[in-house]
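Observations on chain architecture
Each chain, written out:
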Amino acid sequence: AQSVAQPEDQVNVAEGNPLTVKCTYSVSGNPYLFWYVQYPNRGLQFLLKYITGDNLVKGSYGFEAEFNKSQTSFHLKKPSALVSDSALYFCAVKRGSASKIIFGSGTRLSIRP
Amino acid sequence: EPEVTQTPSHQVTQMGQEVILRCVPISNHLYFYWYRQILGQKVEFLVSFYNNEISEKSEIFDDQFSVERPDGSNFTLKIRSTKLEDSAMYFCASLQGQGSYEQYFGPGTRLTVT
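A brief report on the enclosed structure follows. The model shown is predicted, which means the values in this text are computed figures rather than measured ones.

On to the overall build of chain A. In terms of helices and strands, chain A carries zero helices and 12 strands. Listing each helix as α and each strand as β along chain A from the N terminus yields β-β-β-β-β-β-β-β-β-β-β-β. Rg of the C-alpha trace for chain A: 13 Å, near the compact-globule value of 13 Å for 113 residues, within the 12% margin. With respect to the three principal axes, the spread of C-alpha positions in chain A is 40 × 30 × 20 Å. Here chain A holds 113 residues, and 50% of them are scored as buried. Here the contacts in chain A between residues at least 6 apart in sequence split such that 55% fall between residues at least 24 apart. Accessible area of chain A: about 5200 Å², with a carbon and sulfur share of 46%. Within chain A, one finds 12 positive and 7 negative side-chain charges whose respective centroids are separated by 8 Å.

Next up, the structure:
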């Protein structure tokens, strides 16, 4: 069975500091990994994905994520946080290109000025 | 940029009533999905739809739920007899085809069952 764990309900970071939002996954076979962001009263916006190739993937708004197969992790990072990055972030996994997405429980990122 | 749209944005209904949530996926996409998010909880998969039939459904998607693509444009989710626990945000998503990986999500419909 596939699953995704986001161990932190909330991450608080000062503006300008680097941020990391953690994610670990469990899936048989090769994982397809995603990060989505949800702003208040909005839908889910795609940030980035890992399908194959380079373990470091870059996405929207300056975010990047590193795929680590040995640790089964896919942590989301940004070198310098902005207040506007404050939102709910979901890590997700799926097994095939057209398969359902399995979401983690979400991490609320709060960036203080 | 093309986007998935959903109507209505908010639906209030009484327990036992039928509701239909509507979605217009991106026009050249072939795979369609419904997910739901109960307030404060994770986003959960309900059903996937391809080639005019359900390709996968979750345990949540029981006989009270049905999906339809009535006219080649809309993709609907019907709940036959709503329960209080159906109150949630419902998201529609679409995917272009095999070899595409990114599902595009609509803004959601907030369903409130009273």
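A word on the state of the cysteines. Residues and elements named next belong to chain B. Applying the stated criterion across every chain, the model contains two disulfides over all chains. Here C23 connects covalently by a disulfide to C92, the sulfurs 1.9 Å from one another. Taking the torsion about the S-S bond as the criterion, the C23 to C92 disulfide, at about -65 degrees, is left-handed. Placement of the pair is C23 in strand β3 (residues 19-24) and C92 in strand β9 (residues 88-95), with a sequence separation of 69 residues. Here the two residues C23 and C92 agree in accessibility, since each one is buried.

On to the pattern of salt bridges, then. Evaluated as defined, the whole model comprises five salt bridges over all chains. A salt bridge links K77 of chain A to E66 of chain A, with the shortest nitrogen-to-oxygen separation between them at 4.0 Å. With K77 of chain A in strand β9 (residues 73-78) and E66 of chain A in strand β8 (residues 64-68), this pair connects stretches of sequence that are 11 residues apart. A salt bridge links E56 of chain B to K100 of chain A, with the shortest nitrogen-to-oxygen separation between them at 3.0 Å. Residue E56 of chain B is found in strand β6 (residues 53-57), and its partner K100 of chain A is found in the loop between β10 (87-94) and β11 (102-103); the two belong to separate chains. Judged by its relative accessible area of 30%, E56 of chain B falls in the partly exposed class.

All names here are of chain B. Spatial ordering of the open sheet is given by β1-β3-β8-β7, a layout of four strands whose pairing is antiparallel. Pairing within the sheet leaves two strands with one partner each, and these edge strands are β1 (5-7) and β7 (65-68). Taking the axes of each pair of neighbouring strands and ignoring which way they run, one obtains an average angle of 20 degrees across the sheet. In terms of strand pairing, β3 meets strand β8 (residues 75-79) through five bridges, oriented antiparallel. When the sheet's bridge partners are listed, V19 is paired in β8 with I79.

Below, the discussion takes up the interface of chain B and chain A. Every contact between the two is made by 19 residues of chain B and, on the other side, 21 residues of chain A. Between chain B and chain A, a total of about 1700 Å² is buried, with carbon and sulfur atoms accounting for 59% of that surface. Connecting chain B to chain A are one salt bridge. Looking at the side of chain B that touches chain A, the elements that each hand over two or more residues are β4 (31-37), β5 (43-50) and β9 of chain B.

Ranked by internal contacts, the top residues of the largest apolar core, which has 29 residues, are L19, W35, L47, L48, F74, L76 and Y89 of chain A. The dominant element in this core, judged by the number of residues it contributes, is β10 of chain A, at four residues. In this view, L47 of chain A contacts W35, Y36, V37, G59, S60, Y61, F63, L76 and Y89 of chain A; residues no more than four positions away in its chain are not counted. Within the second largest apolar cluster, 22 residues are counted, among which are L44, I51 and L88 of chain A together with V43 of chain B.

Parameters at a glance
- Residues numbered from 1 in each chain as written.
- Chains lettered and ligands numbered in written order.
- Predicted model: local features only at pLDDT ≥ 70, side-chain atom pairs only at ≥ 80, totals over all residues.
- Heavy atoms only, no water.
- Helix = DSSP H or I, 4+ residues; strand = E, 2+ residues; numbered from the N terminus.
- Rg over C-alpha atoms; globule rule 2.2 N^0.38 Å.
- Buried < 20%, exposed > 50% of the residue type's maximum accessible area, 1.4 Å probe, protein only.
- Contact = heavy atoms within 4.5 Å.
- Areas by Shrake-Rupley, 256 points an atom, 1.4 Å probe, with all protein chains shown as cover.
- Lys, Arg positive; Asp, Glu negative; His and termini not counted.
- Charge placed at Lys NZ, Arg CZ, Asp CG, Glu CD.
- Disulfide = S-S within 2.5 Å.
- Salt bridge = Lys/Arg side-chain N within 4 Å of Asp/Glu carboxyl O.
- Pairing = 2+ DSSP bridges.
- Axes fitted to C-alpha atoms, helices over the stretch in contact; angles between N-to-C directions.
- Buried area = accessible area lost by both parts, 1.4 Å probe.
- Core = buried A, V, L, I, M, F, W, Y, C linked by side-chain atoms within 4.5 Å.

Note that all results are geometric; they support no functional claim without further evidence.
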